[in-house]
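Chain by chain, the residues run as shown.
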Amino acid sequence: MNKQKRFLTDWRLHLLVLGIVVVAEMIGVIEIRLGAGMIMLLPMLFALVFGLALYFTPLVKETQSKHAEPIITLSVALLIAKIGVTIGPDLKNVIAAGPALLLQEIGNFGTIFLALPVAVLLLGMKRESIGMTHSIGREPNLGIIYDKFGFDSPEGKGVTTVYVFGTVFGALFYGLISGFLATFTPLHPLSLAMAAGVGSGSMMAAASGALIAAYPEFETQIIAFAGASNLLTYGTGLFVSVFIALPLTEKLYALFRRWKGDRP
C-alpha cells in the first residue's frame, strides 16, 4: 500500500510525463518523403526519445524509473481494453481473416533464418545466439529460455539482451518501419496491421498509430486486426517457440558451428 501511495504521489514523475506528452503533441506528426514512400514521425516516437534522453539526466532519479514501471502496466491494460471493445463490432472481418492471422506465426522464423546465420557465421557468437534469435524476445520467450537453460546461462543472457533492446528501441523502430511500408509498398494496411501484433503492446501501439495516420479511414479495422493478431501471438506464439522455433534454432546453431569447424 505504501509503495502504491509513493507511486501515486511522485509529483516529479507525473510532471515529467506531462511535460513529455505536451511537447510531443505540440510537435505533432512529421512526414518525411523518400521517393514514393514516406516515414511518419508520430508524437509517441518523440515521447519515447524524450523519455530515453531524460533518463540519462539528473532530472530522473532511480526512484522515478521504478515508479514508472506500473504506468506501463496500466497503459497496456487500457490499451487491451480498448482493443477488446474495438474487436467486437469488427469481429466478422477478423474471423474472415482467421487463416492469415494464424499463419502469421511463420513470421517468427524470420529471426532464426536471418539473424542466426549472421550471429554465428559472421559475428562468431556462441550459445547466446540461441536466446537472441529464436524469437523477438518478449516476455513469454524470456520464460521459456529461463526455464530451460537458466537465467545466468549464455542463452538466458542472450534473450535478456534482446528483450531490453526491444523494450527500449522496439516501439521506435516499429513506428518508423510500419509508416514507411504503408506508403512505400503495395501491401494492404490491414496486412500490416496483422504484422503489428508481435506480442508487445508498445510495439503494436506504435505500428498501429503510424498505420492509422497513413490510412485514417481504416482506423477501426487496423486496431481490430492488430489487437486480434497480438492476442493470437500470445496464445499461439508460446507453443510455436517451444515445439518448433527453439528446437529448430538449436539444430541450426549446431549445424552452423560445424560449418565453422567448432564444437557446438
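Remember, it's a predicted structure, so these values are computed and weren't measured experimentally. (Residues numbered from 1 in each chain as written. Predicted model: local features only at pLDDT ≥ 70, side-chain atom pairs only at ≥ 80, totals over all residues. Heavy atoms only, no water.)

### Re the overall build of the protein
So, step 1. Check the secondary structure of the protein and you find 13 helices and 2 strands.
So, step 2. Contacts in the protein between residues at least 24 apart in sequence constitute 73% of all its contacts with a sequence separation of at least 6.
So, step 3. Summing over all exposed atoms, the protein offers an accessible surface of approximately 14600 Å²; the carbon and sulfur share of this is 72%. (Helix = DSSP H or I, 4+ residues; strand = E, 2+ residues; numbered from the N terminus. Contact = heavy atoms within 4.5 Å. Areas by Shrake-Rupley, 256 points an atom, 1.4 Å probe, with all protein chains shown as cover.)

### Here's the deal with the side chain of Asn-141
So, step 1. Within the secondary structure, Asn-141 is located in helix H9 (residues 139-149).
So, step 2. A polar atom in the side chain of Asn-141 sits 3.2 Å from the side chain of Ser-135.
So, step 3. Polar side-chain contacts of Asn-141 include one of 3.1 Å to the side chain of Ser-241.
So, step 4. Those residues within four positions of Asn-141 in sequence are excluded, and the remaining contacts are His-134, Ser-135, Val-159 and Ser-241. (Polar contact = N/O pair within 3.5 Å; in protein donor to acceptor, adjacent residues only side chain to side chain.)

### Focus on the UniProt feature "transmembrane region" (unreviewed entry) in the protein
So, step 1. On the UniProt side, "transmembrane region" (unreviewed entry) is annotated at positions that read residues 12-30, 36-56, 68-87, 107-125, 162-184, 190-215 and 222-246 here.
So, step 2. Strand forms 5% of residues 12-30 and helix 84%; the C-alpha atoms that close the span are 29 Å apart. (UniProt positions renumbered as here; feature names shortened; annotations may be inferred.)

### Some points on the packing of helix H2 (residues 11-27) against helix H3 (residues 43-55)
The angle between the axes and the distance between the axes are what describe a pair of packed helices.
So, step 1. It is the contact of H2 with H3, at a shortest axis distance of 8 Å, that shows an interaxial angle of 140 degrees. One finds that H2 runs oblique with respect to H3. The two elements H2 and H3 meet at a crossing, and its hand is right-handed. Contacts from Leu-16, Ile-20, Val-23, Ala-24, Glu-25 and Ile-27 of H2 reach H3 at Pro-43, Phe-46, Ala-47, Phe-50, Gly-51 and Leu-54. (Axes fitted to C-alpha atoms, helices over the stretch in contact; angles between N-to-C directions. Parallel < 35°, antiparallel > 145°, perpendicular 65-115°, else oblique. Left-handed = near helix turned anticlockwise from the far one by under 90°.)

### Notes on the pattern of salt bridges
Pairing is possible between side chains that carry opposite charge, provided their charged atoms lie close to one another.
So, step 1. All told, the structure shown has 3 salt bridges when counted by the stated rule.
So, step 2. Glu-155 is paired through a salt bridge with Arg-127; the nearest N and O atoms lie 2.4 Å apart. Pair noted here: Glu-155 is in helix H10 (residues 154-184) and Arg-127 is in the loop between helix H7 (110-122) and helix H8 (128-133), with a separation of 28 residues, a long-range link.
So, step 3. Residue Arg-127 is classed as partly exposed on the basis of its relative accessible area, which comes to 26%.
So, step 4. The closest approach of N and O atoms between Lys-148 and Glu-250, which form a salt bridge, is 2.8 Å. In this pair, Lys-148 is assigned in helix H9 and Glu-250 in helix H13 (residues 219-259), connecting sequence segments 102 residues apart. (Salt bridge = Lys/Arg side-chain N within 4 Å of Asp/Glu carboxyl O. Buried < 20%, exposed > 50% of the residue type's maximum accessible area, 1.4 Å probe, protein only.)

### Here's the deal with the environment of Val-21
So, step 1. As for its position among the elements, Val-21 is in helix H2.
So, step 2. Residue Val-21 is classed as partly exposed on the basis of its relative accessible area of 42%.
So, step 3. C-alpha separation for the pair Val-21 and Pro-43, spaced 22 residues apart in sequence, amounts to 8.0 Å.

### Section: the packing of aromatic side chains
So, step 1. Counted by the stated rule, this structure contains 4 aromatic pairs.
So, step 2. Ring geometry for Phe-173 and Tyr-174: centres 6.1 Å apart, planes at 70 degrees, overall edge-to-face.
So, step 3. Considering the side-chain rings of Tyr-215 and Phe-218, the 6.2 Å spacing of their centres and the 65 degrees angle between planes classify their relative orientation as edge-to-face.
So, step 4. For Phe-218, a relative accessible area of 23% puts it in the partly exposed group. (Phe/Tyr/Trp six-rings, centres within 6.5 Å; stacked < 30°, edge-to-face > 60°.)

### Section: a nonpolar patch on the surface
So, step 1. A surface patch of nonpolar side chains, about 600 Å² in accessible area, is lined by Trp-11, Leu-15, Leu-18, Val-22 and Met-26.
So, step 2. Inspection of the secondary structure assignment puts Trp-11 in helix H2.
So, step 3. What makes Trp-11 exposed here is its relative accessible area of 57%. (Patch = residues over 30% accessible without salt bridge, like charges linked within 9 Å, V, L, I, M, F, W, Y side chains within 5 Å.)

### Quick notes on empty space enclosed by the protein
So, step 1. Taken as a whole and judged by the stated rule, the model has 1 cavity of 30 Å³ or more.
So, step 2. Around the largest cavity, the lining is made up of 14 residues, and of these Arg-138, Asn-141, Val-198, Thr-233 and Gly-237 lie nearest the centre.
So, step 3. Of all the elements in the fold, those that place two or more residues in the lining of the largest cavity are H9 and H13.
So, step 4. At 5 residues, H13 tops the list of elements feeding residues into the lining of the largest cavity. (1 Å grid on protein atoms, 1.4 Å probe; cavity = no way out; pocket = protein on both sides within 12 Å on 5 of 7 lines; lining within 4 Å. Points joined across faces, edges and corners; volume = space filled by probe spheres on them.)

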